[in-house]
Amino acid sequence: MAARLTVSRELPTDLERDRLPQHVAVIMDGNGRWAQKRGLPRVMGHRRGVDVLKDLVYCCRDWGVGAVTAYAFSTENWKRPMMEVNFLMALIERVLRRELDEMMAEQIRIRFVGDLSGLPQSLQDEAARAMERTSHNGAVDFAIATNYGGRQEIVHACRAIAERVQRGELRPDQVDEGVFQQHLYTCDRVDPDLLIRTSGEMRVSNFLLWQMAYAELYVTETFWPDFNREEFHRALLAYQQRDRRYGKISAPPTPAAPSGSP
Ligand code: IPE
Ligand code: IPE
Ligand code: MG
């Protein structure tokens, strides 16, 4: 086990360092099914999932991926049984408190994206403390999407822009994609290059709707608590085989057409 971990601390040799995604987003799905398959309560899957997330963040640091965003709790997850919701809130808070010193030592910057005002006050306080303490860390920019919904984020941005227009700070014709992006929770981060979803579901479940415009999607059947560095390696290999065209054609660039030609 120790030997395997030592090996996987290095970037696998079949990955190209200069073509790694700058930002990886993960929908950590399948915790409940993982636990139920073992006859355990669903929440045991969440508990195990925390260790997996922690290792993913450290793996990103080891291999040179600079930013990670993990979907921890969606705006729709409030519809779950109260006991599970309470467990998740307490878990996030406890893990933050427990891991903060190590995250500091490992130079991980912690952020939260989502509507923090809807979270229990003690979690809001813990989140604020973690964000402030780690704000100068530069190894991995790690965002935890909590009480996050892509639609909610877009509405939040629209409202902030409308208020600025009303105050006369902006004209409606100045609102473009750049201005809009500046009002998102992720305003100072690059968009995800790669989205990984575990447990085989082929949907985005209201995650980073704006930011995902050109992300490469990778879905694995593995439940989140079984995700590991080998799985991440496979996702990165798949990513490096993609042809990211951004609407252009795949052929190599041709010499620029003379100006004025159609
Ligand atoms: C993802 O696992 C974690 C959260 C949504 C908090 P699930 O709890 O959705 O697990 P499944 O999808 O029901 O198996
Ligand atoms: C998405 O998983 C949210 C998180 C991982 C936090 P869900 O389990 O809530 O998504 P659906 O219900 O399958 O779309
Ligand atoms: Mg799920």
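Residues numbered from 1 in each chain as written. Chains lettered and ligands numbered in written order. Predicted model: local features only at pLDDT ≥ 70, side-chain atom pairs only at ≥ 80, totals over all residues. Heavy atoms only, no water.

**Q** Sorry, what's going on with the packing of aromatic side chains here?
**A** In this description, a pair of aromatic rings is defined by centroid distance and the angle of the planes. The tally for this structure, following the rule as stated, stands at 9 aromatic pairs. The interplanar angle of 10 degrees and the centroid separation of 4.2 Å between the aromatic rings of Tyr71 and Phe207 together place this pair among those described as stacked. With Tyr71 in strand E2 (residues 67–74) and Phe207 in the loop between strand E5 (194–197) and strand E6 (216–219), this pair connects stretches of sequence that are 136 residues apart. Residue classification places Phe207 among the buried residues on the basis of a relative accessible area of 0%. Their ring planes at 65 degrees and their centres at 6.4 Å tell us that Tyr148 and Tyr185 sit as a pair that is edge-to-face. Taken together, the residues span a long stretch of sequence, with Tyr148 in strand E4 (residues 140–148) and Tyr185 in the loop between helix H7 (177–182) and E5 at a distance of 37 residues. Aromatic ring contacts, followed pair by pair, group Tyr71, Tyr148, Tyr185 and Phe207 into a single cluster. (Phe/Tyr/Trp six-rings, centres within 6.5 Å; stacked < 30°, edge-to-face > 60°. Helix = DSSP H or I, 4+ residues; strand = E, 2+ residues; numbered from the N terminus. Buried < 20%, exposed > 50% of the residue type's maximum accessible area, 1.4 Å probe, protein only.)

**Q** Which parts of the structure should I look at to understand the pairing of strand E3 (residues 108–113)?
**A** Each regular strand shows side chains that alternate between the opposite faces of the sheet. In terms of burial, E3 is a largely internal element, 5 of the 6 residues being buried. In this sheet, E4 lies alongside E3 in parallel orientation, the contact comprising 6 bridges. Along E4, the bridge assignment pairs Val113 with Ala145. (Pairing = 2+ DSSP bridges.)

**Q** Looking at this structure, how should I read the side chain of Thr134?
**A** Topologically, Thr134 is positioned in the loop between helix H5 (121–133) and E4. The exposure class of Thr134 is buried, given its relative accessible area of 0%. A distance of 2.9 Å separates a polar side-chain atom of Thr134 from the backbone nitrogen of Ile110. Engagement of the side chain of Thr134 in a polar contact is seen with the backbone oxygen of Ala130, the distance being 2.7 Å. (Polar contact = N/O pair within 3.5 Å; in protein donor to acceptor, adjacent residues only side chain to side chain.)

The analysis is restricted to geometry; functional conclusions fall outside its scope.
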